[in-house]
2 protein chains.
Amino acid sequence: MTASLQLIAVPGIPLVQPGDDLTGLIIAGIATAGLVLQDHDVVVIAQKVVSKAEGRFVDLATIEPSQRAETLAREVNKDPRLVEVILADARRIVRSGRDVLIVEHRLGFVMANAGVDQSNVAGPHDRQLALMLPRDPDASAARLQEGLQRRFGCRIGVVINDSLGRPWRLGTVGVAIGCAGLPALLDLRGQPDLFGRKLQVTVIGYADEIAAAASLLMGQADEARPVVIVRGLPRQDRCLPARSLIRPAGEDLFR
Amino acid sequence: MTASLQLIAVPGIPLVQPGDDLTGLIIAGIATAGLVLQDHDVVVIAQKVVSKAEGRFVDLATIEPSQRAETLAREVNKDPRLVEVILADARRIVRSGRDVLIVEHRLGFVMANAGVDQSNVAGPHDRQLALMLPRDPDASAARLQEGLQRRFGCRIGVVINDSLGRPWRLGTVGVAIGCAGLPALLDLRGQPDLFGRKLQVTVIGYADEIAAAASLLMGQADEARPVVIVRGLPRQDRCLPARSLIRPAGEDLFR
């Protein structure tokens with residue numbers, strides 16, 4: 001049998017609003033397409049729609065920037081109120097410079113602007129909204145997994161993905177910020193290679209590869225396809241949350 | 001119509017030897033599976049089989065390590081002859097430490113061990129071989145693209161992928177080290193989002209996302225599936241090689 005994977009965008013997901021039942025919207029979209037979920041499917045969901053459903057908006061008009069945010073905002077050339085929102089979700093600043101603010105998010109992820117986003121956020125034109133990451137994306141993934149499993153009576157995985165920049169390489173790629181029902185990291189160390197030697201460095205950022213694959217289908221210029229089903233991945237019995245993808249600071253040569 | 005992508009592993013690729021006609025092996029594998037390539041297919045090929053076909057092996061027994069390699073080998077806990085091979089393909093050392101040697105490859109990629117690999121390399125047991133990256137992976141991708149296009153009479157893309165570690169995150173992910181027939185970077189800047197605002201930071205590491213997706217199917221513990229067809233990506237008229245994914249050193253805050 002030829003090994004293959006299928007990625008299917010769930011159609012008909014409307015613009016998500018705070019308080020929306022995201023699980024219900026996904027179930028309706030899957031039904032619209034005449035699909036059902038199957039054992040070992042992984043459902044990848046864009047961070048933005050999870051954040052929106054969880055009401056993670058901040059109206060910048062309500063933000064009083066601190067002195068620290070004002071100073072930093074001048075350095076990084078951003079709205080001081082936005083910088084205040086970023087700092088509120090950051091443990092520490094990793095790098096700052098003109099147009100660049102890379103922080104360690106309170107969840108541990110090193111990312112630009114603490115994942116706070118201004119584009120593609122719905123709102124009346126006289127309000128400027130920022131959208132923060134979900135409060136606990138692994139928990140969000142677990143809730144979505146549970147709801148989808150209950151509806152479809154099968155064992156699935158859920159990945160919440162976001163598009164992140166990288167050092168050394170240009171362009172953003174999809175990575176996992178939340179994960180349930182699958183191992184975010186796949187540890188193959190100790191398995192023999194084709195010639196019986198032990199594989200040396202083979203811990204795979206499995207959920208990140210799934211997140212990147214789904215990003216190809218989600219697109220970026222609109223949010224018409226924020227949910228993608230990945231079908232054909234092998235069964236995995238071990239589960240590890242997305243937070244296990246974070247390299248411990250003490251082992252990280254680049255912070 | 002539901003948007004979807006299909007990833008198909010090309011079956012029956014044998015263990016590749018120096019001098020093998022890789023294009024021919026891929027064509028034979030595609031035929032075995034009863035497949036044909038179609039317009040806009042992207043064929044992702046593992047770096048290892050490209051390097052092997054190009055004979056990029058080094059027999060460590062033939063290497064006389066320099067004093068610099070000897071000293072560095074003690075620091076990083078590696079075979080001095082292997083370190084010599086790594087240094088030969090490196091522009092400079094980015095970080096070194098116990099079991100860690102991250103360099104800027106002469107091609108510009110920042111990567112551990114200059115991409116030199118010892119695992120999964122065929123050889124008699126009394127020889128220790130190292131396998132270097134292809135000499136010019138973008139050119140290798142272009143050659144493979146040309147051969148496959150000639151055979152199938154269609155317009156395809158080719159990505160050569162490798163599994164690389166990252167700062168900040170654990171686990172390796174597939175990235176593109178060679179690319180032809182598609183834009184390695186996809187620049188969406190200036191396009192409006194759903195609400196008419198200009199997208200801010202939207203340059204996508206497109207070939208890297210394709211590389212990561214294909215890695216899911218290739219696996220790591222053996223080389224049974226070093227070639228994957230990605231089908232369903234939209235037509236792209238602009239082409240950019242994988243070297244455009246390299247962040248210019250002057251704009252890189254993490255070297």
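Preceding this section is the structure that the text describes.
Quick summary incoming for the structure in this document. (Residues numbered from 1 in each chain as written. Chains lettered and ligands numbered in written order. Predicted model: local features only at pLDDT ≥ 70, side-chain atom pairs only at ≥ 80, totals over all residues. Heavy atoms only, no water.)

**Regarding the pairing of strand β2 (residues 42-46) of chain A**
Residues and elements named next belong to chain A. Counting buried residues along β2, five of its five residues qualify, which places the element largely inside the surrounding structure. Neither face of β2 is left uncovered, since the one carrying Val42, Val44 and Ala46 and the one carrying Val43 and Ile45 both have all their residues buried. With five bridges connecting them, β2 and strand β8 (residues 157-164) associate as parallel partners. Residue pairing for β8: Val43 is matched across the bridge by Val158. The sheet contact formed by β2 and strand β12 (residues 227-231) spans four bridges and is antiparallel. Across the sheet, the residue bridging to Val43 is Ile229, located in β12. (Buried < 20%, exposed > 50% of the residue type's maximum accessible area, 1.4 Å probe, protein only. Helix = DSSP H or I, 4+ residues; strand = E, 2+ residues; numbered from the N terminus. Pairing = 2+ DSSP bridges.)

**Points about the packing of aromatic side chains**
For any two aromatic rings, the description comes down to two numbers: the centre-to-centre distance and the angle of the planes. All names here are of chain A. This structure, assessed with the given rule, holds two aromatic pairs over all chains. Residues Trp168 and Phe254 carry aromatic rings whose centres are separated by 4.9 Å and whose planes lie at 85° to one another, so their mutual orientation is edge-to-face. With Trp168 in the loop between β8 and β9 (173-180) and Phe254 in the segment after β12, the pair connects residues that are 86 residues apart, well separated along the chain. Considered together, Trp168 and Phe254 belong to a single accessibility category, that of buried residues. Its end group placed over the ring of Phe152, Arg151 keeps NZ or CZ at 4.7 Å from the ring centre. (Phe/Tyr/Trp six-rings, centres within 6.5 Å; stacked < 30°, edge-to-face > 60°. Lys NZ or Arg CZ within 6 Å of the ring centre and 35° of its normal.)

**Observations concerning the state of the cysteines**
All names here are of chain A. Tallied over the full model, the rule gives zero disulfides over all chains. Its sulfur unpaired, Cys154 is 14 Å from the next cysteine sulfur, which belongs to Cys239. With no disulfide of its own, Cys179 has Cys239 as its nearest cysteine by sulfur position, at a separation of 7.6 Å. (Disulfide = S-S within 2.5 Å.)

**Considering the sheet that holds strand β1 (residues 4-9) of chain B**
Spatially, the ten strands line up as an open sheet ordered β9(A)-β8(A)-β2(A)-β12(A)-β1(A)-β1(B)-β12(B)-β2(B)-β8(B)-β9(B), and their pairing is mixed. With partners counted over all chains shown, the strands left at the sheet margins are β9 of chain A together with β9 (173-180) of chain B, one partner each. With strand direction ignored, the average angle separating the axes of adjacent strands in the sheet is 25°. Note that strand β1 (residues 4-9) of chain A and β12 of chain A share four bridges and pair antiparallel. If you follow Leu7 of chain A over to β12 of chain A, its bridge partner there is Val230 of chain A. (Axes fitted to C-alpha atoms, helices over the stretch in contact; angles between N-to-C directions.)

**Points about the nonpolar core**
Within the largest apolar cluster, 96 residues are counted, with the highest numbers of intra-cluster contacts made by Val159 and Ile210 of chain A together with Ile45, Val159 and Ile210 of chain B. Excluding residues within four positions of it along the chain, Val159 of chain A makes contact with Val42, Val43, Val44, Ile45, Ala176, Gly178, Cys179, Leu182, Ala207, Ile210 and Ala211 of chain A. Judged by nonpolar contacts, the second largest core, of 33 residues, contains Leu37, Val49, Val50 and Leu144 of chain A. (Core = buried A, V, L, I, M, F, W, Y, C linked by side-chain atoms within 4.5 Å. Contact = heavy atoms within 4.5 Å.)

**Description of helix α5 (residues 137-152) of chain A**
Residues and elements named next belong to chain A. Taking 1.5 Å as the rise per residue, α5 with 16 residues should run 22 Å; its terminal C-alpha atoms sit 22 Å apart, in good agreement. Regarding α5, the residues found buried are Pro137, Asp138, Ser140, Ala141, Leu144, Gln145, Gly147, Leu148, Gln149 and Phe152. Tucked into the core, α5 has its buried residues touching α1 (22-32), β2, α2 (47-53), β8 and β9. The first or second residue beyond α5 is Gly153, which carries a positive phi of 60°. (Expected span 1.5 Å × (residues − 1).)

**A closer look at empty space enclosed by the protein**
Taken as a whole and assessed by the stated rule, the structure comprises one cavity of 30 Å³ or more. Of the voids in this model, the largest cavity is the one considered here, and its volume is about 310 Å³. What lines the largest cavity is a set of 24 residues, among which Arg166, Arg169 and Val173 of chain A together with Arg166 and Val173 of chain B lie closest to the centre. When residues of the lining of the largest cavity are traced back to their parent elements, those giving at least two are β9 and α6 (206-218) of chain A together with β9 and α6 (206-218) of chain B. For the lining of the largest cavity, the residue count by class is 14 nonpolar, four polar and six charged. (1 Å grid on protein atoms, 1.4 Å probe; cavity = no way out; pocket = protein on both sides within 12 Å on 5 of 7 lines; lining within 4 Å. Points joined across faces, edges and corners; volume = space filled by probe spheres on them. Nonpolar A, V, L, I, M, F, W, Y, C, P; charged D, E, K, R; others polar.)

**A short note on the sheet that holds strand β4 (residues 90-97) of chain A**
Across a sheet, paired strands are connected by hydrogen bonds in the backbone, their directions being either parallel or antiparallel. All names here are of chain A. Taken together, three strands build an open sheet; the order of strands is β4-β5-β6 and the sheet is antiparallel. Two strands in the sheet have a free side with no partner beyond their single neighbour: β4 and β6 (110-112). Going across the sheet, the axis of each strand differs from the next one's by a mean of 25°, ignoring polarity. Sheet topology places β4 next to strand β5 (residues 100-105); six bridges connect them, and they run antiparallel. Bridging from a neighbouring strand, Arg95 pairs with Ile102 of β5. Sheet strands touched by helix α4 (residues 80-88): β4 and β5. Its angle to β4, the strand with the most contacts, is close to 130°.

**Quick look at the packing of α1 of chain A against α5 of chain A**
Residues and elements named next belong to chain A. Relative to each other, α1 and α5 sit at 40°, their axes nearing to 9 Å. Classified by the angle between their axes, α1 and α5 sit oblique to one another. Seen along the crossing, α1 lies across α5 with a hand that is right-handed. Listed contacts from α5 to Leu22, Thr23, Ile26, Ile27 and Ile30 of α1 are Leu144, Gly147, Leu148, Arg151 and Phe152. Across the contact of α1 with α5, the residue classes break down as seven nonpolar, two polar and one charged. (Parallel < 35°, antiparallel > 145°, perpendicular 65-115°, else oblique. Left-handed = near helix turned anticlockwise from the far one by under 90°.)

**A short note on the packing of helix α3 (residues 67-76) of chain B against helix α4 (residues 80-88) of chain B**
Residue and element names in this part refer to chain B. It is at 8 Å that the axes of α3 and α4 come closest, and there the two elements cross at 110°. Overall, the two elements α3 and α4 adopt an arrangement that is roughly perpendicular. The two elements α3 and α4 cross, and the hand of that crossing is right-handed. On α4, the residues that touch Arg68, Ala69, Glu70, Leu72, Ala73 and Val76 of α3 are Pro80, Val83, Glu84 and Leu87. For the contact of α3 with α4, the residue count by class is seven nonpolar, no polar and three charged.

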